[in-house]
Structure formats: C-alpha cells, structure tokens
Amino acid sequence: MSSSRLGLRLAVCLLNISEARRKYIVENVAKAALLKKNGNSVLAACLEAFQSIDMEVQEGIHPCLGAVDLIPIYPLSGVGVEECGAVARNLAENLVQRVPGCSVFLFGEADLPEKRTLVQRRKQLGWFTRRDFSALKPDLGVAPARRCGLTGIGASPYVMNCNVTIDSQDLALGKEIASAIRGSNVNGLKGVQTMAFPHEGKIEIACNVESFEDQEVTETSEGSQYMAYSVLGDHFYYVSPHYIEAQVKKLASDQGIGIKGRALIGFTPQECKNCAEYAIKEGIGEFWKIRRGIFM
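Treat the numbers as computed from the prediction; the structure is a model and nothing was measured.

Draft legend 1. Up close: the pattern of salt bridges. If you walk through the whole model with that rule in mind, you get 10 salt bridges. The partner of D111 in a salt bridge is R116, and the shortest N-O contact between them spans 2.8 Å. In this structure D111 comes out as buried when scored by relative accessible area, which is 4%. On the accessibility criterion, R116 (22% relative accessible area) is partly exposed.

Draft legend 2. Geometry of the pairing of strand 8 (residues 192-199). Judged from the eight bridges that link them, strand 8 and strand 9 (residues 202-210) form a sheet pairing that is antiparallel. Residue P198 lies in a different strand from strand 9, and its bridge partner there is I203. Adjacent in sequence and paired antiparallel, strand 8 and strand 9 are bridged by two residues, among which E200 carries a positive phi angle near 50°.

Draft legend 3. Main features of the nonpolar core. In terms of nonpolar packing, the biggest core is built from 41 residues, with Y158, I166, I205, V209, I244 and V248 touching the most fellow members. With five residues, strand 7 (residues 159-166) is the single largest residue contributor to this core. Looking at which domains feed residues into this core, each of domain 1 (10-155) and domain 2 (159-265) supplies at least three. Once residues lying within four places of it in the same chain are set aside, the contact partners of I166 are G174, I177, K202, I203, I205, V248, A252, I257, G258, I259 and K260. Among the nonpolar cores identified, the runner-up in size contains 31 residues, and A45, C84, C102 and C148 belong to it.

What counts, and at which threshold
Residues numbered from 1 in each chain as written. Predicted model: local features only at pLDDT ≥ 70, side-chain atom pairs only at ≥ 80, totals over all residues. Heavy atoms only, no water. Salt bridge = Lys/Arg side-chain N within 4 Å of Asp/Glu carboxyl O. Buried < 20%, exposed > 50% of the residue type's maximum accessible area, 1.4 Å probe, protein only. Pairing = 2+ DSSP bridges. Helix = DSSP H or I, 4+ residues; strand = E, 2+ residues; numbered from the N terminus. Core = buried A, V, L, I, M, F, W, Y, C linked by side-chain atoms within 4.5 Å. Domains from an automatic or database assignment. Contact = heavy atoms within 4.5 Å.

On their own, these measurements won't tell you what the molecule is for.
This is how it looks when you write it as structure tokens:
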C-alpha cells in the first residue's frame, strides 16, 4: 500500500511460495504483481504461483503445505497492523473465490477474534511435519486439494529471516543449537523461531525473527542485541541478525566447529522500507534485477 506522498503509507507482503529452483517461475510471480496496484498486486502474484506450482510434484527440504505457502502482511509506515489484518482477510476471501481448490488458514490480525500467532496455527495444522492433506480443516475454502495445498494468510508486526550455516553435517547438533537460541527457551533470543535443516552438505540454522513490543528493551545501538523501529508511534524491537550469527557461532564453537556464515538474511524493517520507497520514487518495478545478493 502506498500513496502519492512517498513513504506515508507502506505495507509489505513477503510472499512465500514453494519454489526456489526454477528462477523463471519466481520471476514470473514477481512480474505478475507489477501489473496490478495495492492489494490486487498480491492477488495477481498468487494467481500466477498457483498456476505454475503443483504440490503433487513439489520437492524440498523446508516444511510447506501450500503452493503459495504463506502470505504475511506487515506494516512499514503509516499503516497499522489491524488494517493489514483487514487486507489479509479480504485477500483470503478473493483467493478462495478465484482459485479452484484453494484453502486458507488465518493467523495474527486476520484470525479474528482469537488472533492466534503463525506458530500456533502451524503447530495446530502439523505444518512442520504433515504431508497428509486429507485431515486438514481450513478456515476458508474447501478441503485442501493436493495441487494447491493449504495457504496461510495473516498480518503481524514485521518478521524477517536470518539463516546461518554451520560447518557440520550433524543434524542433531544443529537441532541443539536451534533449540538453544529459540525464543521459547528460557535462555533463548526473544522473538526468534528456529529450525535446523541439511543445506548443501552442511546444516543450516533457519530463523524467523519476529518484531515485538517491550517496555523493558532500551539498548538498541549498533552492534547491540536489539534493533528498534517505529510505526504510527508504536515502538518495535527485534534481535539483530549480527547478534544471532554471533550466538550461533559461539554455540558451534563450543562443539569444536565453525560456521560458514549467513546463507540468507532478510531485509530488516528499515531496509525493506528504504528499498520500497526508493523503487517507488525511481519507478523501478523489477528492483531485484539491480539489487545484488540473495534476500528475503
């Protein structure tokens, strides 16, 4: 979402699709979004993805349930999370009408009145382990068709990714490290959700880094554990990706192994906002073609 006043109203959809190997499909999904404006751009991207990706033949290590697996809407500036939730609900209703076999579960501000988190919903649905679609019960749409699968749609404060690869093939060790930094652990990192996967002959510690509100967080200087940003006067914090990498490095070092660095890092909220404003100002639709590196 945006307006003629640059940066006044911005929200972002970090669309998760179950495809990474075929670059042309990923680019076609992104290009589809350029043909529409505002909420319709996300719908157009999803329609292209559903047409191109078949869950009956999809292969991959990372857990997923849908061809379009996740549609999260995050506020960046001038937009509240409640409004993002309304956009998400409207998108969900449009998708189940437009895509035969599309099924949706809602989370966060789109999941009214409970407002259950994405992690809660995924656990309830067996997202982390399930491959049997027959028993899934969507919030919207018909029973999930195998080709489309089940799509999560919702809204929350910004969530970024930070994946760190350790120089080991020991998956059990990777799971231990992931557990140690997980936010649900008493000594873990607040707002960090983690899993461990085999990755190109090594083990990847994959982290979702959630933004959160916390009156007690005060240290947000460069190099500190927490980083801060504001939306509509509300202050949010998240664990620095550099701090996450340092913690993984320490835990791996304690076991006598090193790390191969951050394999993937998502845009921070500030970076995402700056990139969006720049692309809009300069009229650069295919921004990914001039932005080097791998981001999410």
